[in-house]
Amino acid sequence: MTVLAAFRAEAARLASSLGGLADAQWARPTGCPPWNVAGLLGHVVTVIAWVPGMLAAPAPVAASVSAVDYYRAGERFSPPVNAARVALGLSRASGAGSATALLAEFDRTWRSVADLCAAEAPGRVVLTRHGDAMTLTDFLVTRIVEVGIHGLDLAAALDRPPWLTPATAEVLTDLLLDEDADARLAEVGLDRTTFLRKATGRLSFGPGERERLAPRSLALG
């Protein structure tokens, strides 16, 4: 299950990258205001922690929403829902008691989720909190978006180079480019990580790059 392997690798990379931060580093602002580094990690913990409850619930008969469709514009990315999402991340961070405890919670959470997912049968369908019936694999892609793309935000906030793993870069590039990703990126001279930073608004596209690549436009909140 390559998507699960990518999730494991990216979550482990994120946890190791945030180890040993000073208090002042946890308080640094990110490109996702009002979250600072701790608040953004609180958000990542929160969105991964949805998974056990989804797996414990009855499975829908069939999937009707793909990972791409999950990011359609609508109520889930409306101002009230986004405000609630921000508040949950901040609450998680403050409720942990310390940044060290928050990081430990993240480590426990992602490992538990990965183990639970590994025990599921291929093709397992889950129901998201937004009411989408998705394969577990497709939903894990959306969790890789959270760990990977917000990992880019955390690296930037800490003045570090992006630490995105190759497995995650591949999964997310496939999400945003429908075919011939390697050839299209080579044509414009972009590596996967730089493309992902541009396609998600972390960097600006150069002249003609967006038109030549034509990435999917996803509502990412």
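All values derive from a computational prediction rather than experimental measurement.

Student: Explain the overall build of the protein chain here, please?
Tutor: Within the protein chain, the secondary structure is distributed over 12 helices and two strands. The secondary structure elements of the protein chain, listed N-terminal to C-terminal, are α-α-α-α-α-α-α-β-β-α-α-α-α-α. Computed over C-alpha atoms, the radius of gyration of the protein chain comes to 17 Å, within 12% of the 17 Å expected from 2.2 N^0.38 for 221 residues, which places it in the range of a compact globule. Expressed along its principal axes, the backbone C-alpha trace of the protein chain runs to roughly 50 × 45 × 35 Å.

Student: Any chance you could explain the pattern of salt bridges here in plain terms?
Tutor: Considering all chains together, one arrives at 12 salt bridges under this definition. A salt bridge links R124 to E120; the nearest nitrogen and oxygen atoms lie 2.8 Å apart. Taken together, the shared-partner salt bridges in this structure form one network comprising R72, R76 and D132.

Student: When you look at the nonpolar core in this model, what are you seeing that I'm missing?
Tutor: Soluble globular proteins: nonpolar side chains tend toward being buried together. Membership of the largest hydrophobic core comes to 71 residues, with the highest contact counts inside it found for F7, L14, L18, W26, L41, F106 and F195. With 12 residues, helix α8 (residues 136-157) is the single largest residue contributor to this core. Here L18 is in contact with W26, L41, L103, L154, L158 and W163, once residues within four sequence places are set aside.

Student: Is there a simple way to think about the side chain of T128 in this case?
Tutor: Take T128: it is sitting in the loop between β1 (125-127) and β2 (133-135). Apart from the residues lying within four places of it in its own chain, the contact partners of T128 are M54, Y70, M134 and F139.

Student: Please explain the side chain of D153 as it appears in this structure.
Tutor: Within the secondary structure, D153 sits in helix α8. In this structure the side chain of D153 is engaged in a polar contact, spanning 2.9 Å, whose partner is the side chain of H150. Within the structure, D153 has its side chain in polar contact with the side chain of R202 (distance 2.8 Å). Among all residues touching D153, those that are not within four sequence positions of it are C32, L40 and R202.

Student: For this particular structure, what's the right way to read helix α10 (residues 181-188)?
Tutor: In an α-helix, one turn spans 3.6 residues; hence positions three or four apart end up facing the same way. Looking at α10, one finds that the buried residues are A181, R184, L185 and V188. Take α10 and look down its axis: the buried residues cluster within an arc of 95°, on one side only. Those residues of α10 that are exposed and angled more than 90 degrees off the buried face are D182, A183, A186 and E187. Elements in contact with the buried residues of α10: α9 (166-176), α11 (192-199) and α12 (209-213).

Student: Hey, could you run me through unusual backbone geometry in this one?
Tutor: A negative phi angle characterises most non-glycine residues, just as the trans form characterises most peptide bonds. Cis geometry is found at the peptide bond from P33 to P34, where omega equals 10°. On the secondary structure map, P34 appears in the loop between α2 (23-26) and α3 (37-48). Non-glycine residue D159 carries a positive phi angle of around 60°. Positionally, D159 belongs in the loop between α8 and α9.

Student: Help me understand the packing of α9 against α11, please; the structure alone is not making it clear to me.
Tutor: Between α9 and α11, the least distance of the axes is 10 Å, while the angle of their chain directions is 50°. The orientation of α9 with respect to α11, classified from their angle, is oblique. Considering the relative orientation of α9 and α11, their crossing is left-handed. Seen from α9, the contacting residues are A169, E170, L172, T173, D174 and L176; seen from α11, they are R192, T193, F195, L196 and A199. Across the contact of α9 with α11, the residue classes break down as six nonpolar, two polar and three charged.

What counts as what
Residues numbered from 1 in each chain as written. Predicted model: local features only at pLDDT ≥ 70, side-chain atom pairs only at ≥ 80, totals over all residues. Heavy atoms only, no water. Helix = DSSP H or I, 4+ residues; strand = E, 2+ residues; numbered from the N terminus. Rg over C-alpha atoms; globule rule 2.2 N^0.38 Å. Salt bridge = Lys/Arg side-chain N within 4 Å of Asp/Glu carboxyl O. Core = buried A, V, L, I, M, F, W, Y, C linked by side-chain atoms within 4.5 Å. Buried < 20%, exposed > 50% of the residue type's maximum accessible area, 1.4 Å probe, protein only. Contact = heavy atoms within 4.5 Å. Polar contact = N/O pair within 3.5 Å; in protein donor to acceptor, adjacent residues only side chain to side chain. Arc of directions from axis to C-beta. Axes fitted to C-alpha atoms, helices over the stretch in contact; angles between N-to-C directions. Parallel < 35°, antiparallel > 145°, perpendicular 65-115°, else oblique. Left-handed = near helix turned anticlockwise from the far one by under 90°. Nonpolar A, V, L, I, M, F, W, Y, C, P; charged D, E, K, R; others polar.

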